[in-house]
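These are the residues of each chain, in order.
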Amino acid sequence: METILEMKKIHKSFFGVEVLHGVDFDVKKGECIAICGENGAGKSTLMKILTGIYNKFQGEIIFKGENIEHLTPLEIQHKGISMIHQELNLLDEMTVAQNIYLCREPKKNGLIDFKKMNNDAKNLLKRLEKIDPKAKVKDLGIAKKQIVEIAKSLSFNADLIIMDEPTAVLTVNETEMLFQLIKQLKVNGVAIVYISHRLKEIKEICDRVTILRDGTYITTKDIDQVSEKDIAELMVGREIEEVNQKKYKGSGKAALEVRNISDDFLKNINFTLKEGEILGISGLVGAGRSELAEVIFGVRKPKQGDILVYGEPVNIKSPIDAIKHRIGFATEDRKGSGLFLDRSIRDNANIVSMLKNKNIFNNRKKEEILAKNMIDVFRVKCQSTAQKIKNLSGGNQQKIVLSKWIAVSSKILILDEPTRGVDIGARKEIYDIINRLAEEGKSIIVISSDLTEVLAISQRVIVMHQGEISGEIVGDNINEENIMVLATGIGE
Ligand SMILES: Nc1ncnc2c1ncn2[C@@H]1O[C@H](COP(=O)(O)OP(=O)(O)OP(=O)(O)O)[C@@H](O)[C@H]1O
Ligand SMILES: [Mg+2]
């Protein structure tokens, strides 16, 4: 197959620290090639260099026989490269169609032709999932936002599409839809660069895989030559042993009771979380998992129902109330509400305890110790506690989201997509931490669209479907098939 892209000896530094050390990368026409590497290995940076977002670097980039390393992002887009970014880049106040055709709106008599724009958007989205082109982006859940990003990248009719963690917030059905689309694009000669920590997906959809480790090119292999375990070992540079995940059932004591909770969407939700239990909540996108978490955390007001914490009815009207009742919520949307991107690791690490103590003048030294400890425990790849969150790699940002909730001594923890974008090694560490917290008597709800994650971590799984709990699965009966039957409502 003919080579469409060559990146040669790419070097890149941030603030004097080199993060890419002469990386080579090539893509063939009509193939799907994966880039694999641990959090902070340099995958997103390499792709941001390719798309012109970073223009200070050394090395050569040849696309369709032409040097493009000096071009601007817009010029590169015109050459036929588009990218779905790891962090969503949509304008919340605008509609779906406006976001897709931003700055390229179809015109009629000098004015924006809304009818055509909405129609075009509708046709694009048809290939993915039904989303109203006129809906405001802020009213969409994170998975739908991701689908809008995918539609946007398609709208450029590019010859090369880069997908940086496209499925991190998608469930099985949408992922399958995306894979069908990738296959179709390949047939049309479009090349795809696919970045994901879900190695199973890479085995399924990619033709080749390039491995980066700590900013260094390691190797490129045909996908049939390597197993998932081989890829993981090439990423980390050592053998990985399979650890047996402990799964905690909890004691008999009820830590959290949710009674008859209903609102416009949620229908009569009832369940009990036991002390020391790790409870999985599964379901397709839009099933109501995050809405339920928001009710418990006081972000969303239910029309009726009660919540009890350790047997006492509580009235949670805001996140501050929830935190007072020692409930923590690590949200799935780290860019939207999980983190203060412009603030340092230290500030983010301490923010929850600041809210809780209402003390803005926390002790600086204490803050520093807490942040340092967090970096150690989670092995956050960073330069110092003063580094801004927005300059961390995606997976390392996720570690901060989690650790800040673990730092304040919450008794009940809701973790929404806790390992979104986290690499396989760090994922195991996070599971160990969750297990340890459960062992210490904390009660944990894990919401995850990744079925392997739910299987790995919970002894009991509640499955939601269209705002209702469609069933509960316990112990050995927890498997992908049983979850999917309940999640899709086939069993009803
Ligand atoms: N704007 C920036 N300023 C400073 N350092 C940065 C910046 N962007 C990335 N880095 C650093 O460069 C390194 C590579 O980051 P990059 O985001 O490319 O990793 P990644 O492989 O995409 O990781 P992940 O799997 O977590 O998304 C990291 O050490 C990161 O902290
Ligand atoms: Mg990245």
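Given the structure is predicted, the values throughout are model-derived calculations rather than measurements.

### A word on the overall build of the chain
Then, in step 1: Each helix and strand counted, the chain has 17 helices and 22 strands in total.
Then, in step 2: What you see for the chain is a C-alpha radius of gyration of 23 Å, in line with the 23 Å of a compact globule of 492 residues.
Then, in step 3: Counting over 492 residues, the chain shows a buried share of 56%.
Then, in step 4: Taking contacts inside the chain between residues at least 6 apart in sequence as the whole, the part at least 24 apart equals 67%.
Then, in step 5: The distance from the centre of the 72 positive side-chain charges to the centre of the 70 negative ones in the chain is 5 Å.

### Observations regarding the domain arrangement of the chain
Then, in step 1: The assigned domain composition of the chain is domain 1 (3–236) and domain 2 (254–488).
Then, in step 2: One C-alpha centre belongs to domain 1, the other to domain 2, and the line joining them spans 28 Å.
Then, in step 3: Opposite the 28 residues of domain 1 that make contact, domain 2 presents 31 residues.
Then, in step 4: Here domain 1 and domain 2 share an interface that buries about 2300 Å² over both sides, 53% of which is from carbon and sulfur atoms.
Then, in step 5: Inspection of the region where domain 1 meets domain 2 yields 3 salt bridges.
Then, in step 6: Note that Lys200 and Glu480 form a salt bridge whose closest N and O atoms lie 3.7 Å from each other.
Then, in step 7: Taken together, the connections running from domain 1 to domain 2 amount to 4 residue pairs in polar contact (both at pLDDT 80 or more).

### So, the coordination of the magnesium ion (ligand 2)
Then, in step 1: Distances from the magnesium ion (ligand 2) to its protein donors, namely Ser44 (OG) and Gln86 (OE1), fall within the range 2.0 to 2.2 Å. One end of the pair, Ser44, is in helix 1 (residues 43–50); the other, Gln86, is in the loop between strand 6 (81–84) and helix 3 (96–100), and 42 residues separate them in sequence.
Then, in step 2: For Gln86, a relative accessible area of 13% translates into the label buried.

### Considerations on the nonpolar core
Then, in step 1: Among the nonpolar cores identified, the biggest contains 59 residues, and Leu256, Phe271, Ile296, Ile327 and Ile445 are the most heavily contacted of them.
Then, in step 2: If you tally residues by element for this core, the top one is helix 15 (residues 424–439), at 7 residues.
Then, in step 3: One finds Ala158, Ile161, Phe179 and Ile202 within the second-largest nonpolar core, a separate group that totals 50 residues.

### Considerations on the sheet that holds strand 9 (residues 160–164)
Then, in step 1: Taken together, 6 strands build an open sheet; the order of strands is 6-9-10-3-11-12 and the sheet is mixed. Two strands in the sheet have a free side with no partner beyond their single neighbour: strand 6 and strand 12 (216–222). On average, each strand axis in the sheet is inclined to that of its neighbour by 20°, with strand direction left out of account.
Then, in step 2: In terms of strand pairing, strand 6 meets strand 9 through 4 bridges, oriented parallel. What sits directly across from Met83, in strand 9, is Ile162.

### Here's the deal with the site of ligand 1
Then, in step 1: Around ligand 1, 21 residues are found, and the nearest of them are Gly40, Lys43, Thr45, Ser393 and Gly395.
Then, in step 2: In the environment of ligand 1, an oxygen atom lies 2.7 Å from a nitrogen or oxygen atom belonging to the side chain of Lys43.
Then, in step 3: In this structure, a nitrogen atom belonging to ligand 1 sits 3.2 Å away from a side-chain N or O atom of Asn391.
Then, in step 4: For ligand 1, whose accessible area on its own is 640 Å², the fraction buried by protein is 93%.
Then, in step 5: Looking at the shell around ligand 1, the elements with two or more residues in it are helix 1 and helix 14 (394–407).
Then, in step 6: At 3 residues, the largest contribution of residues to the shell around ligand 1 is made by helix 1.
Then, in step 7: Along the lines of polarity and charge, the residues of the shell around ligand 1 split into 6 nonpolar, 12 polar and 3 charged.
Then, in step 8: Here the shell around ligand 1 gathers at least three residues from each of two domains, domain 1 (3–236) and domain 2 (254–488).

### Some points on the sheet that holds strand 16 (residues 304–309)
Then, in step 1: Spatial ordering of the open sheet is given by 14-13-16-17, a layout of 4 strands whose pairing is antiparallel. Sheet topology places strand 14 (269–274) and strand 17 (312–314) at the edges, where each strand pairs with a single neighbour. Neighbouring strand axes in the sheet, compared pairwise and without regard to direction, differ in orientation by 20° on average.
Then, in step 2: Across 5 bridges, the pairing between strand 13 (residues 254–262) and strand 16 is antiparallel. Bridge pairing in strand 16 links Leu256 to Val309.

### Describing unusual backbone geometry
Then, in step 1: Positive phi, normally seen in glycine, also occurs at Cys103, with a value near 65°.
Then, in step 2: Residue Cys103 is classed as exposed on the basis of its relative accessible area, which comes to 68%.
Then, in step 3: Non-glycine residue Asn109 carries a positive phi angle of around 50°.
Then, in step 4: Its place among the elements puts Asn109 in the loop between strand 7 (107–108) and strand 8 (111–112).
Then, in step 5: By relative accessible area, which is 77% here, Asn109 ends up exposed.

### With respect to the environment of Leu266
Then, in step 1: For Leu266, the position within the fold is in the loop between strand 13 and strand 14.
Then, in step 2: A relative accessible area of 0% places Leu266 in the buried class.
Then, in step 3: For the pair Leu266 and Ile469, spaced 203 residues apart in sequence, the C-alpha to C-alpha distance is 9.1 Å.
Then, in step 4: When near neighbours in sequence (up to four residues on either side) are disregarded, Leu266 contacts Ile261, Gly288, Glu291, Leu292, Val295, Met464 and Gly467.

### A short note on the environment of Pro106
Then, in step 1: Positionally, Pro106 belongs in the loop between helix 3 and strand 7.
Then, in step 2: Classification of Pro106 by relative accessible area gives buried; the value is 14%.
Then, in step 3: Sequence spacing of Pro106 and Ser44 is 62 residues, and the spatial spacing of their C-alpha atoms is 31 Å.

### Description of the packing of aromatic side chains
Then, in step 1: For the structure shown, the criterion picks out 3 aromatic pairs.
Then, in step 2: Note on Phe14 and Tyr54: the rings are 5.2 Å apart at their centroids and 80° apart in plane angle, and the pair reads as edge-to-face. Note that Phe14 is positioned in strand 1 (residues 3–14) and Tyr54 in the loop between helix 1 and strand 4 (58–63), a separation of 40 residues in sequence.
Then, in step 3: Measuring from centroid to centroid gives 6.2 Å for Phe179 and Tyr194, while their planes differ by 65°, and the two rings are edge-to-face. Linking Phe179 in helix 6 (residues 172–187) with Tyr194 in strand 10 (residues 191–195), this pair joins segments that are 15 residues apart in sequence. Like Tyr194, Phe179 is buried.

What counts and how
- Residues numbered from 1 in each chain as written.
- Chains lettered and ligands numbered in written order.
- Predicted model: local features only at pLDDT ≥ 70, side-chain atom pairs only at ≥ 80, totals over all residues.
- Heavy atoms only, no water.
- Helix = DSSP H or I, 4+ residues; strand = E, 2+ residues; numbered from the N terminus.
- Rg over C-alpha atoms; globule rule 2.2 N^0.38 Å.
- Buried < 20%, exposed > 50% of the residue type's maximum accessible area, 1.4 Å probe, protein only.
- Contact = heavy atoms within 4.5 Å.
- Lys, Arg positive; Asp, Glu negative; His and termini not counted.
- Charge placed at Lys NZ, Arg CZ, Asp CG, Glu CD.
- Domains from an automatic or database assignment.
- Buried area = accessible area lost by both parts, 1.4 Å probe.
- Salt bridge = Lys/Arg side-chain N within 4 Å of Asp/Glu carboxyl O.
- Polar contact = N/O pair within 3.5 Å; in protein donor to acceptor, adjacent residues only side chain to side chain.
- Donors = N, O, S within 2.8 Å, 3.2 Å for Na, K, Ca; no water.
- Core = buried A, V, L, I, M, F, W, Y, C linked by side-chain atoms within 4.5 Å.
- Pairing = 2+ DSSP bridges.
- Axes fitted to C-alpha atoms, helices over the stretch in contact; angles between N-to-C directions.
- Near = heavy atom within 4 Å.
- Areas by Shrake-Rupley, 256 points an atom, 1.4 Å probe, with all protein chains shown as cover.
- Nonpolar A, V, L, I, M, F, W, Y, C, P; charged D, E, K, R; others polar.
- Phe/Tyr/Trp six-rings, centres within 6.5 Å; stacked < 30°, edge-to-face > 60°.

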